[in-house]
Amino acid sequence: MATQKLSGTRVPATSNDRPSRLATAPLPELLAEANATIVIAPKRYTDFEGLALTAPSGENQIVLPRGRSARQRDTLARLLVGRLLGTPMAPLPASIEVRTYGGAR
């Protein structure tokens, strides 16, 4: 899997402004807040929209499919960051999953 490391400054957000921040803040900033990196899935995995994984270490990976436009990847990453941060928002489509491995935190 290819890993895309994006750095940013952690900026705390209150639960009231997180939904709007998901749409407006720079993606690297959101990724830093969620302690997440973006991983592009291998070519053979094309039947999903996105996946957020939390490792036992607390590090998060957002796995995105290949073959999507930059705008689609950006939107999916923002939705998955919102799920990782516990941002109140409408339910995600069933094809987008968020899983925690290594026990509940």
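In this text the structure is predicted, and so the values were computed from the model without any measurement.

Caption draft 1: Inspection of helix 3 (residues 70–85) at higher detail. Along its 16 residues, helix 3 runs 22 Å from first to last C-alpha, staying within 8% of the 22 Å computed at 1.5 Å per residue. Those residues of helix 3 not exposed but buried are Leu 76, Ala 77, Arg 78, Leu 80, Val 81, Gly 82 and Leu 85. With its phi angle positive at about 75°, Gly 86 sits one or two positions after the end of helix 3.

Caption draft 2: How the structure looks around the environment of Arg 83. Structurally, Arg 83 is set in helix 3. Judged by relative accessible area, Arg 83 falls into the partly exposed class, the value being 40%. Separated by 49 residues in sequence, Arg 83 and Ala 34 place their C-alpha atoms 9.6 Å apart.

Caption draft 3: Representation of the pattern of salt bridges. What the rule picks out here adds up to four salt bridges. Two residues, Glu 29 and Arg 21, come together in a salt bridge whose shortest N-O distance is 2.9 Å. The exposure class of Glu 29 is partly exposed, given its relative accessible area of 21%. A salt bridge links Asp 74 to Arg 78; its shortest N-O distance comes to 2.7 Å.

Caption draft 4: Inspection of the side chain of Asn 60 at higher detail. Among the structural elements, Asn 60 can be located in strand 4 (residues 60–64). A relative accessible area of 9% means that Asn 60 is categorised as buried. Polar side-chain contacts of Asn 60 include one of 2.5 Å to the backbone oxygen of Ala 34.

Caption draft 5: Inspection of unusual backbone geometry at higher detail. Its identity is not glycine, yet Asn 35 carries a phi of approximately 50°, on the positive side. Structurally, the position occupied by Asn 35 is in the loop between helix 2 (27–33) and strand 2 (36–40). Given a relative accessible area of 32%, Asn 35 falls into the partly exposed group.

Caption draft 6: Structural context of the nonpolar core. In this structure, Leu 31, Ile 38, Ile 62, Leu 64 and Val 81 are the most contacted members of the largest nonpolar core, which totals 17 residues. Elements supplying a minimum of two residues to this core: helix 2, strand 2, strand 4 and helix 3. Of the residues forming this core, the biggest block, five residues, is contributed by helix 3. Ile 62 has contacts with Leu 31, Ala 36, Thr 37, Ile 38, Val 39, Leu 51, Ala 52, Ala 77, Leu 80, Val 81 and Leu 84, leaving out every residue within four places of it along the chain. The next biggest cluster of nonpolar side chains, apart from the first, holds six residues, and it includes Ala 41, Phe 48, Leu 51 and Val 63.

Caption draft 7: Geometry of the pairing of strand 4. Burial within strand 4 is extensive, with four of its five residues counted as buried. Sheet topology note: the strand 2/strand 4 ladder contains five bridges and is parallel. Looking across to strand 4, one finds that Ile 40 is bridged to Leu 64. Bridging between strand 3 (residues 50–54) and strand 4 involves four bridges; their strand directions are antiparallel. Within strand 4, the residue paired with Ala 52 across the bridge is Ile 62. The antiparallel hairpin formed by strand 3 and strand 4 contains five residues in its connecting segment, where Gly 58 sits at a positive phi of about 95°.

What counts and how
Residues numbered from 1 in each chain as written. Predicted model: local features only at pLDDT ≥ 70, side-chain atom pairs only at ≥ 80, totals over all residues. Heavy atoms only, no water. Helix = DSSP H or I, 4+ residues; strand = E, 2+ residues; numbered from the N terminus. Expected span 1.5 Å × (residues − 1). Buried < 20%, exposed > 50% of the residue type's maximum accessible area, 1.4 Å probe, protein only. Salt bridge = Lys/Arg side-chain N within 4 Å of Asp/Glu carboxyl O. Polar contact = N/O pair within 3.5 Å; in protein donor to acceptor, adjacent residues only side chain to side chain. Core = buried A, V, L, I, M, F, W, Y, C linked by side-chain atoms within 4.5 Å. Contact = heavy atoms within 4.5 Å. Pairing = 2+ DSSP bridges.

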